[in-house]
Each structure stands twice: as C-alpha cells, then as structure tokens.
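What follows is each chain in one-letter form.
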Amino acid sequence: MKNLIATSLKYQNGELSLLDQRHLPHQTQWHICQSDDDLVHYIQVLAIRGAPLIGIAATLWIGHIAQQGANASALLASVEKLRASRPTAVNLMNYLDRLKQAIQQGQDNQKIVALAEQIFAEDVQLCAAMAEHGARLIKAESKILTHCNTGSLATAGMGTAIGVITHAHKNGKNLQVWVDETRPLLQGGRLTAWEMQQAGVPYKIICDNMAATLMAQGAVDMILVGADRIASNGDFANKVGTYSLAVLAHYHNVPFYVVAPSTTVDLACTNGKKIPIETRDPQEVKGISAAFGSVQWAPDEAQVYNPAFDVTPAELVTGWILETGVYSQQDIQQGALQQFK
Ligand SMILES: CSC[C@H]1O[C@H](OP(=O)(O)O)[C@H](O)[C@@H]1O
C-alpha cells in the first residue's frame, strides 16, 4: 500500500501511525498500530476520532493486513472487530462494508489494497467539494459558531465544517469563529482552537453554555456543525450539545448548517430516533484526564449521564452541505439523499 498522509493519521513505510488527539494541543505523540485490537482501543479512547477519520483508519488497517497477505477469513474478522469499535458514526460501517463486499466477492489482496487507497483519496476529495459549496454561503464578514472538531484532525482531508471555514478564510472572507469548547472531552477548546491557530483564522473559545447569550446579542451570523450519521429524513446525530445549538438557532433565527460527506448518510435509518447513540465512561464527566494532568471534581459516588452524541431533527436545519451541493429542508423532504443509494 502506498504512503498516505493525513494530519493525524499516516501510512508510511508499511506502518499505520496515528497522532494521539487526547494529548493535543500541548503534546504531539504518535502511536504505531500493531494489531486490530490496538486500533480498536485507540478508536474507543478517542486517541483517533472524527466520524470520517475512524472509518479511514479502519480502512487503512484492512489495506495493511491485506498487503501483509492476510487471508479472507482473517480480513473479514478484522472488519467485524473494527466495525463494532464505536456505534454512532456510520462512515466507519460504510467504508468497512465496501471492503467486506470486495473480500466476499473474492477480490484478491491487491484489489483490497487498491480499494483502501481509493477510499482514502475519495475522503480527501469529499472534503474539498464540501468546502467549495459551503464557502459560497459565507458572507464577506461573518461570525460563525462551530461545535466539537470537524477539521483535518477528523478526516483524511481538510475537514467538514471546519474545512468550509478555513477555505472561506483562504478565499478572503473576514471571519470571527466562536469555538464551543465542547464538554466533556473539549474537542473544540483543544482541537478546533489548535486548527484555527494553525490556519490563522480569528477565533475565540467559549464554554458551551455561552452560545445562547451570544445569539441573543446578535453575535452569531451562522452555525456550522459536522455529523456522525444522517438519517434518510435529514435528522442527524452529532456531538452532544449540537441539538441545543439547533434549538437556540431556531429561536434566534440564526442559519444552522450541517456539513458532512455522503459517507455519513445512512439511508437504512429512516429517522433520528433510530440512530444508535454511544454512551461513554462516567469519568469523562466527573473530571478531565489528559497528558496535561488529571483532576476529578465530582464526588467518587456521583452518578453520571454521558451520551457522546445527540440527535437534531431535520426541521431545525437550514441546510445540509454535502459534496454534491447544498440542500434545503424542501430538497431533503423531496428525497435529495436518495441519490446516495
Ligand atoms: C468530521 S468529524 C464529525 C463528528 O465526529 C465527532 O465525534 P468524536 O469527536 O466523538 O469522534 C463530532 O461529533 C464531529 O462533529
């Protein structure tokens, strides 16, 4: 398999390495994946994260073991193990199912390697196409609020919602980005802030509970978020806190867009209620643990509710920015997502 390089994942000289996102922005620590169990662990602890990127990582691992001569049953066993590593982001299943189909059709290992390389290249292209479509929507002077992290750390390319933002910035748009820190794991305050810094985009970090007052002040012109799974009716799952932003945006008449590639669409899922929502370790809410220190502020006995995602109904979405264009609620109601059958 040829060398494939993304911001937080690389396949180089026959090794799959990942940049441990738990330690960003203050530490840059790479891990070499030694087994599928290794990769499952890194996905589950969010060392590697982001709906498209976890699918890409799993894809490259399958390409890697195919390159090493794994037989069909070993390949399929790894596919199933990786497929079950996190339940919500459907890119993981969509990518692995393409490989699974090729393996079950008896395609030889070199074809599997080539397909893994193709999926990586496609993801890069999907990001570029979304950025083009989305950047056209952004006015010359815009204050944009975004949630979680959806940049090059979360994809093989320039990102989804953050890809739109950085592309608009490069195109000369005068942006101010409000970065939701995104409790509990601070993907916004740590990772999006780092990406905005790298891209030279003016930004300010806010606590998630500050978004409402910003909208009340008229300080938000647009909200751009990513997605982990989009149902056939346009409902979508995304990092927890997205739904409350959508409700606030509706109340304050702030345009609210979801940016995602079609690999995030699950046509078998008819509405948002059917999207499996991952619940995570209570310790993530009771404190914070990372390379820059661990602290627990909650009582040991505290009970916790820690869903990693929530679901936003289509009725609260202004538009869906996909690689094929920007779709309105009417487009979605008329079946625009069926093109991805
Ligand atoms: C383009 S990333 C999409 C999506 O994935 C993130 O979840 P996580 O950090 O748990 O992997 C977040 O929901 C992003 O919006």
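Residues numbered from 1 in each chain as written. Predicted model: local features only at pLDDT ≥ 70, side-chain atom pairs only at ≥ 80, totals over all residues. Heavy atoms only, no water.

**With respect to the sheet that holds strand S10 (residues 236–239)**
Where we set the bar: Two strands pair if DSSP finds at least two bridges between them. A run of H or I in DSSP becomes a helix once it reaches four residues, and a run of E becomes a strand once it reaches two; helices and strands are each numbered from the N terminus. Contacts are residue-level and defined by heavy atoms, with any inter-residue pair within 4.5 Å sufficient. To get an axis, fit a line to the C-alpha atoms, keeping to the stretch in contact for a helix; angles then go from 0 to 180 degrees between the N-to-C directions.
Read from one edge of the open sheet, four strands run S12-S9-S10-S15, paired in mixed fashion. Of all the strands in the sheet, the pair left with one neighbour each is strand S12 (265–266) and strand S15 (309–312). Relative to S12, strand S9 (residues 229–231) is paired through two bridges, and the arrangement is parallel. By the bridge assignment, Ala 231 is partnered in S12 with Asp 266. Sitting on the sheet, helix H9 (residues 242–251) is in contact with S10 and S15, with an inclination near 30° to S15.

**Some words on the domain arrangement of the chain**
Many authors give the size of an interface as the accessible area that is lost as the parts come together. Formally: Where a domain begins and ends is set by an automatic assignment or by a domain database. Once two parts are joined, some of their accessible surface, as seen by a 1.4 Å probe, is lost; buried area is that loss totalled over both. We define a salt bridge as a contact between a side-chain nitrogen of Lys or Arg and a carboxyl oxygen of Asp or Glu at a distance within 4 Å.
Taken domain by domain, the chain consists of domain 1 (4–126) and domain 2 (137–340). On a C-alpha basis, the centres of domain 1 and domain 2 stand 24 Å from each other. Between domain 1 and domain 2, the contact holds 33 residues from the first and 33 residues from the second. Counting the surface lost from both domain 1 and domain 2, the interface buries some 2700 Å², and carbon and sulfur atoms represent 58% of this. In terms of surface lost to domain 2, no three residues of domain 1 exceed Arg 49, Thr 88 and Leu 126, which account for 23% of the buried area on that side. Remark: the boundary between domain 1 and domain 2 carries one salt bridge. The salt bridge partner of Arg 86 is Glu 278, with a shortest N-O separation of 2.8 Å.

**Thoughts on the nonpolar core**
To keep it simple, the criterion reads: The criterion is simple. A nonpolar core is a set of buried Ala, Val, Leu, Ile, Met, Phe, Trp, Tyr and Cys residues joined through side-chain atoms within 4.5 Å. For every residue, the accessible area obtained with a 1.4 Å probe (protein chains only) is divided by the maximum for its type, and the residue is called buried under 20%, exposed over 50%, and partly exposed between those limits.
Judged by nonpolar contacts, the single largest core of 45 residues is most densely connected at Leu 9, Leu 39, Ile 48, Ile 56, Leu 60 and Ile 62. Residue assignment for this core shows that the elements contributing at least two residues are strand S1 (4–6), strand S2 (9–12), strand S3 (15–19), helix H1 (36–44), helix H2 (51–67), helix H3 (72–83), helix H4 (90–104) and helix H5 (109–135). Considering each element in turn, this core owes the most residues, eleven residues, to H2. With near-sequence residues (within four places) excluded, Leu 9 lies in contact with Leu 4, Leu 16, Ser 17, Leu 18, Trp 30, Ile 48, Leu 53, Ile 56, Ala 57 and Leu 60. Within the second largest apolar cluster, 30 residues are counted, among which are Ala 211, Ala 219, Ala 249 and Leu 337.

**Digging into the confidence of the model for the chain**
Regions with low pLDDT carry predicted coordinates that are not meant to be interpreted in detail. Selection criterion: Confidence of the predictor in every single residue is expressed as pLDDT, which spans 0 to 100.
Mean pLDDT for the chain: 97, with 99% of residues reaching 70 or above. Of the two predicted TM-score estimates for the complex, the pTM is 0.98 and the ipTM is 0.98.

**Focus on the sheet that holds S3**
Strand order across the open sheet formed by four strands is S1-S2-S3-S4, with antiparallel pairing between neighbours. At either margin of the open sheet sits one strand with a lone partner, and together these are S1 and strand S4 (30–32). On average, each strand axis in the sheet is tilted by 20° relative to the strand beside it, whichever way the strands run. Set on the sheet, H2 makes contact with S1, S2 and S3; between it and S2 the angle comes to about 15°.

**Thoughts on the packing of aromatic side chains**
Selection rule: Pairing of aromatic rings covers Phe, Tyr and Trp, the last counted by its six-membered ring, and requires centre-to-centre distances within 6.5 Å; plane angles under 30 degrees mean stacked, over 60 mean edge-to-face, and any other angle means tilted. Note on criteria: charge over ring means Lys NZ or Arg CZ within 6 Å of the ring centre, with the direction from the centre no more than 35 degrees off the ring normal.
Considering all chains together, one arrives at one aromatic pair under this definition. Lying across the ring of Trp 30, Lys 10 places its NZ or CZ 4.2 Å from the centre. The ring of Phe 309 has Lys 239 sitting right over it, with the charged end atom 4.1 Å from the ring centre.

**Side note on helix H7 (residues 187–199)**
Which entries qualify depends on this criterion: Helix span, expected: 1.5 Å multiplied by one less than the number of residues in the helix.
Compared with the 18 Å implied by 1.5 Å per residue over 13 residues, the 17 Å span of H7 between its first and last C-alpha is a close match. Where H7 is concerned, the buried positions are Gln 187, Gly 188, Arg 190, Leu 191, Thr 192, Ala 193, Glu 195 and Met 196. The inward-facing, buried residues of H7 contact strand S5 (141–146), helix H6 (161–170), strand S6 (174–180), strand S7 (203–206) and S10. Backbone geometry just after H7 places Gly 200 at a positive phi near 75°.

**Details of the packing of H2 against H5**
We count it as follows: Convention used here: angles under 35 degrees read as roughly parallel, angles over 145 as roughly antiparallel, angles from 65 to 115 as roughly perpendicular, and any remaining angle as oblique. Left-handed describes a crossing whose near helix is turned anticlockwise from the far helix through less than a right angle; right-handed describes the clockwise counterpart.
Interhelical geometry of H2 versus H5 gives an angle of 155° and a closest axis separation of 8 Å. The angle between H2 and H5 places the two elements in the roughly antiparallel class. Judged by the twist between their axes, the crossing of H2 over H5 is left-handed. Taking contact as the criterion, the partners of Pro 52, Ile 56, Thr 59, Leu 60, Ile 62, Gly 63, Ala 66 and Gln 67 in H2 are, on H5, Asn 109, Gln 110, Ile 112, Val 113, Ala 116, Ile 119, Phe 120 and Asp 123.

**Concerning the site of the ligand**
We apply this condition: Note on terminology: near, applied to a residue and a molecule or strand, indicates that one of the residue's heavy atoms is within 4 Å of it. Pairing of N or O atoms within 3.5 Å defines a polar contact, subject to two protein rules: one partner must be a possible hydrogen donor and the other a possible acceptor, and residues neighboring in sequence count only if both atoms are side-chain atoms. All accessible-area figures derive from a Shrake-Rupley calculation using a 1.4 Å probe, and residue coverage is judged against the displayed protein chains alone. Gly falls in the polar group here, along with every residue not listed as nonpolar (Ala, Val, Leu, Ile, Met, Phe, Trp, Tyr, Cys, Pro) or charged (Asp, Glu, Lys, Arg).
With respect to spatial proximity, 18 residues lie near the ligand, and among them Arg 49, Arg 86, Asp 228, Asn 238 and Lys 239 are the closest. The backbone of Ala 51 places a nitrogen or oxygen atom 3.3 Å from an oxygen atom of the ligand. For the ligand, the accessible surface in isolation is 410 Å², of which the surrounding protein chains cover 100%. Elements supplying a minimum of two residues to the shell around the ligand: H2 and S10. Tallied by class, residues from the shell around the ligand come to seven nonpolar, seven polar and four charged.

**Quick word on the pairing of S7**
Threshold: Call a crossover right-handed when, viewed with both strands pointing away from you, the route from the first strand across the helix to the second goes clockwise.
Sheet topology places S6 next to S7; four bridges connect them, and they run parallel. Looking at the pairing, Trp 178 lines up with Lys 204 of S7. Between the parallel pair S6 and S7, the chain is carried across by H7, and the sense of this crossover is right-handed.

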